[in-house]
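An overview of the molecular structure
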Amino acid sequence: MKSTYIYTIISNFIEQSHLNKIEEKGIEKIYEEPLIGIADAEDSLFEKFKDTEIIGPNHKSPKEWLKNAKSVITCFLPFSSQIRKANHKPGLPASEWLYGRIEGEECNKGLLQHLVKEINNLGEEAIAPVLDFNFTEEAVKSNWSERHAAFAAGLGTFGLSKSLITKKGCAGRFGSVITTMKLDPTPREYENVYEYCTMCGVCISRCPAGAIKKEGKDNLICKKYFDEKIYPKYLPYYGCGKCQTAVPCETTNPNK
Ligand code: B12
Ligand code: SF4
Ligand code: SF4
């Protein structure tokens, strides 16, 4: 099976779905054209991710999600310029970014559901971990990391801000589907975990919480900022993403 067929399903959904717009908020589209990457379900990286210093033993491999898994389809949905540019102002998150986080995730989940159904229609099994009842999100670690799956699937590398940087940048959201369908894996055009990052440090000065230092990003400081400054003010909306906007890696791989 060619991955171009899968790409067509994904890109048609993003182009045509009503979930990719929020008319009442004046947002014509949440996401631009997606990127997809495929990993072999037996790629040794998935076992490596169980190391405590990478993710940890609770991270499930593709075969632990779906017994006869052969491929992992991951996609990056880049935010539209309307959402990204609104968040260029420093400080608190733009309302457009908050909609991108909440309604944007509904669109992401709608896409994953649609992809699972289309794959089932071809007679194959498929599961989106984020939609599964076994999916957990404890503190700052989940049992299926979308960024690590995307790294394995050739979509890009991490940055100093811990965002995953693709060739269309890092301002966007990731989703994935594990399937019994055999697809050709996307070659990884990198060797190092932080290869696409120039270590320019712009994300350090963008972060209102002081969570990013030249040594790396502290997930707990970022989370504390959400707990103390974002949730009380904006719930049921939340988000920040200053480290993903007005930075050289917002829409491109800055190290190419
Ligand atoms: C928990 C969580 C959080 C926590 C912790 C953040 C974190 N970085 O893990 C909090 C609440 C702080 C948070 C904040 C945000 N989040 Co969040 N979050 C998640 C969630 C649910 C799980 C993340 C997880 O399990 N992390 C596991 C830990 C282990 O990851 P890590 O510490 O970064 O991993 C490092 C090590 O593995 C290390 N490493 C060491 N050795 C090796 C070796 C190898 C081979 C590799 C590959 C790596 C490696 O490299 C990594 C980077 O330093 C995911 C959704 C999902 N299910 O994946 C979204 C997700 C990471 N969040 C996302 C976003 C957008 C955000 C925010 C911008 C909020 C917003 N929407 O406004 C901020 C900032 C993100 C950032 N810069 O990191 C996106 C990321 C998009 C991107 N381009 O990267 C995700 C993927 C959601 C999505 N579906 O798109 N988030
Ligand atoms: S802003 Fe610069 S240092 Fe920060 S993640 Fe992007 S490229 Fe790396
Ligand atoms: S999401 Fe906000 S608080 Fe968290 S690291 Fe990025 S800029 Fe800092």
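First things first, this report covers the structure right here in the doc. (Residues numbered from 1 in each chain as written. Chains lettered and ligands numbered in written order. Predicted model: local features only at pLDDT ≥ 70, side-chain atom pairs only at ≥ 80, totals over all residues. Heavy atoms only, no water.)

**With respect to the site of ligand 1**
Around ligand 1, 39 residues are found, and the nearest of them are I54, E146, H148, F174 and Y194. One nitrogen or oxygen atom from the side chain of N219 is found 3.0 Å from a nitrogen atom belonging to ligand 1. Mapped onto the shell around ligand 1, the elements with two or more residues apiece are α5 (95-121), β5 (141-142), α6 (146-152), β8 (172-179) and α8 (219-234). The residue makeup of the shell around ligand 1, split by class, is 19 nonpolar, 10 polar and 10 charged. (Near = heavy atom within 4 Å. Polar contact = N/O pair within 3.5 Å; in protein donor to acceptor, adjacent residues only side chain to side chain. Helix = DSSP H or I, 4+ residues; strand = E, 2+ residues; numbered from the N terminus. Nonpolar A, V, L, I, M, F, W, Y, C, P; charged D, E, K, R; others polar.)

**Overview of the packing of aromatic side chains**
Between two aromatic rings, the relevant description is the distance of the centres plus the angle of the planes. In total, this model carries 12 aromatic pairs according to the counting rule given. A centroid spacing of 6.4 Å and a plane angle of 80° characterise the contact between W65 and W144, whose relative ring orientation is edge-to-face. Of this pair, W65 sits in helix α3 (residues 62-65) while W144 sits in the loop between β5 and α6, placing them 79 residues apart in sequence. Taken as a pair, W65 and W144 share a single burial class, namely buried. A centroid spacing of 6.2 Å and a plane angle of 35° characterise the contact between F151 and F158, whose relative ring orientation is tilted. Aromatic rings pair up to connect F46, F49, W65 and W144 into one cluster. Taking the ring centre of W65 as reference, the NZ or CZ of K60 above it sits at 5.0 Å. (Phe/Tyr/Trp six-rings, centres within 6.5 Å; stacked < 30°, edge-to-face > 60°. Buried < 20%, exposed > 50% of the residue type's maximum accessible area, 1.4 Å probe, protein only. Lys NZ or Arg CZ within 6 Å of the ring centre and 35° of its normal.)

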